[in-house]
Amino acid sequence: MLAKSGVTVRGISRKGTPKPEATFSDYLSADPCNPNDEVITRVKSASVIVSCVPPGPCVRALEALAPHMSQGCLFLDVLSVKTEICEAYHSLKSKYPHVELLSCHPMFAPAAGWEGQNTVMIEITGGSKSTAFTALVETWGSTCVPMESGSQHDRVTAAVQNATHSALIAFGLSLKKIGYDAELAAKISTPPHRAMISVIQVHAWSRVLLLVYVNALIVLVFAVLARWDMTACSRQ
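Residues numbered from 1 in each chain as written. Predicted model: local features only at pLDDT ≥ 70, side-chain atom pairs only at ≥ 80, totals over all residues. Heavy atoms only, no water.

S.K.: For this particular structure, what's the right way to read the packing of helix H5 (residues 150-178) against helix H7 (residues 191-200)?
M.R.: When two helices pack together, their arrangement is given by the angle between their axes and by how far apart the axes lie. Axis separation between H5 and H7 bottoms out at 11 Å; the angle between their running directions is 95 degrees. With respect to H7, the element H5 is oriented roughly perpendicular. Together, Ala167, Leu168, Phe171, Gly172 and Leu175 of H5 and His193, Met196, Ile197, Val199 and Ile200 of H7 make up the contact between the two elements. Taken together, the residues of the contact of H5 with H7 sort by class into eight nonpolar, two polar and no charged. (Axes fitted to C-alpha atoms, helices over the stretch in contact; angles between N-to-C directions. Helix = DSSP H or I, 4+ residues; strand = E, 2+ residues; numbered from the N terminus. Parallel < 35°, antiparallel > 145°, perpendicular 65-115°, else oblique. Contact = heavy atoms within 4.5 Å. Nonpolar A, V, L, I, M, F, W, Y, C, P; charged D, E, K, R; others polar.)

S.K.: Help me understand a nonpolar patch on the surface in this model?
M.R.: Side chains of Val48, Val50 and Val78 sit close together on the surface and give an oily, nonpolar patch of about 170 Å² of accessible area. In this structure, valine 78 sits in the loop between strand E4 (74-77) and helix H3 (83-92). (Patch = residues over 30% accessible without salt bridge, like charges linked within 9 Å, V, L, I, M, F, W, Y side chains within 5 Å. Areas by Shrake-Rupley, 256 points an atom, 1.4 Å probe, with all protein chains shown as cover. Salt bridge = Lys/Arg side-chain N within 4 Å of Asp/Glu carboxyl O.)

S.K.: Explanation requested: the packing of helix H2 (residues 55-65) against H3 in the structure shown.
M.R.: Two elements in contact, H2 and H3, have axes whose closest approach is 10 Å; the angle formed by their N-to-C orientations is 20 degrees. Between H2 and H3, the angle falls in the class roughly parallel. Between H2 and H3 lies a crossing whose hand is right-handed. Across the interface between the two elements, Pro55, Cys58, Val59, Leu62 and Glu63 from H2 touch Ile85, Ala88, Tyr89 and Leu92 from H3. Tallied by class, residues from the contact of H2 with H3 come to eight nonpolar, no polar and one charged. (Left-handed = near helix turned anticlockwise from the far one by under 90°.)

S.K.: Honestly, the packing of aromatic side chains in this entry has me stumped. Any pointers?
M.R.: Scanning all chains against the criterion turns up four aromatic pairs. Measuring from centroid to centroid gives 6.3 Å for phenylalanine 75 and tyrosine 89, while their planes differ by 85 degrees, and the two rings are edge-to-face. Linking phenylalanine 75 in strand E4 with tyrosine 89 in helix H3, this pair joins segments that are 14 residues apart in sequence. Note on phenylalanine 75: relative accessible area 1%, which makes it buried. Residue tyrosine 89 is classed as buried on the basis of its relative accessible area, which comes to 0%. Note on tryptophan 114 and tryptophan 140: the rings are 4.9 Å apart at their centroids and 65 degrees apart in plane angle, and the pair reads as edge-to-face. (Phe/Tyr/Trp six-rings, centres within 6.5 Å; stacked < 30°, edge-to-face > 60°. Buried < 20%, exposed > 50% of the residue type's maximum accessible area, 1.4 Å probe, protein only.)

S.K.: Before we go on, may I ask you to explain the environment of proline 18 in this structure?
M.R.: Here proline 18 is to be found in the loop between strand E1 (10-13) and strand E2 (26-29). For proline 18 and serine 29, which are eleven residues apart along the polypeptide, the C-alpha to C-alpha distance reads 8.9 Å. Contacts of proline 18, omitting those with residues within four sequence positions, involve Phe24 and Tyr27.

S.K.: Explain the state of the cysteines to me, please; I cannot follow it from the model alone.
M.R.: Two cysteines, two sulfur atoms, one covalent bond between them: this is a disulfide. A complete count under the given rule lists zero disulfides for this structure. Cysteine cysteine 33 shares no disulfide, and the gap to the nearest cysteine sulfur, in cysteine 58, comes to 8.7 Å. Here cysteine 33 falls in the partly exposed class, since its relative accessible area comes to 28%. (Disulfide = S-S within 2.5 Å.)

S.K.: Help me understand helix H1 (residues 37-45) in this model?
M.R.: Along an α-helix, a turn takes 3.6 residues, which lines up residues three or four apart on a common side. The set of residues buried in H1 consists of Val39, Ile40, Arg42 and Val43. Viewed along the axis of H1, the buried residues span an arc of 165 degrees, placing them on a single side of the element. Away from the buried face of H1 by more than 90 degrees, exposed residues Asp37, Thr41, Lys44 and Ser45 are located. Put simply, asparagine 36 is the residue that caps the front of H1, since its side-chain oxygen is 3.1 Å from the backbone nitrogen of glutamate 38. (Arc of directions from axis to C-beta. Polar contact = N/O pair within 3.5 Å; in protein donor to acceptor, adjacent residues only side chain to side chain.)

S.K.: Can you help me understand the nonpolar core in this one?
M.R.: Considering soluble globular proteins, one finds that nonpolar side chains tend to be buried as a cluster. If you look at the biggest cluster of nonpolar residues, it comprises 27 residues, and the most contacted ones within it are Leu62, Met69, Phe75 and Tyr89. Sort the elements by how many residues they give to this core and H3 lands first, with five residues. Not counting the four nearest positions on each side in its chain, tyrosine 89 is found in contact with Cys58, Leu62, Phe75, Leu76, Asp77, Leu101, Leu102, Ser103 and Ile124. Counting eleven residues, the second largest nonpolar core, distinct from the first, contains Leu74, Phe133, Trp140 and Cys144. (Core = buried A, V, L, I, M, F, W, Y, C linked by side-chain atoms within 4.5 Å.)

Laid out in structure tokens, this is it:
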């Protein structure tokens, strides 16, 4: 979306090549946590740096790159677990007062698109770039919702994401176990049952269940690893 909005997007990653669908104007295979001269040159000219790595590497990248960022450069992440990363930002903001810090969480899968979706914005150190980025996301059709802290975000998403996904997984697995008869059930269905069925699209429930279940496991494992990585980072 950044590239489609006319923004020049330059990729930096330790991976040798970007994904085929990536829309970088150019790509550099390098470690942002241990920047070489080429990385530093790109960072100096950047107005916004978007981190797409787990919490530990995210913090290490910020500390490695911040000394080379221009005045008012925006550094932001798109992590789904916010408490630790926001606490890390707060501990570092006085060290890098020239850098704007924003923690962003699009509340949807990329395939859903931005139109009509919600995006959380947690502003740590605000400024013109943070404001402009939020305004740009809203031009894509997303509603940007400000939150006060990472801990507030994590409390709310525990209900919005974790509890909701767990309920859908449990419901779908229960249907499979009891040998669900969709035709007969539809004749005596209640409003709550019809609502749940409409969500998981029972006509293709086995495929949907598998995707939901696997995605939920990935989210859970990522959250655990993210917290572990953040803890490890804080001990270094």
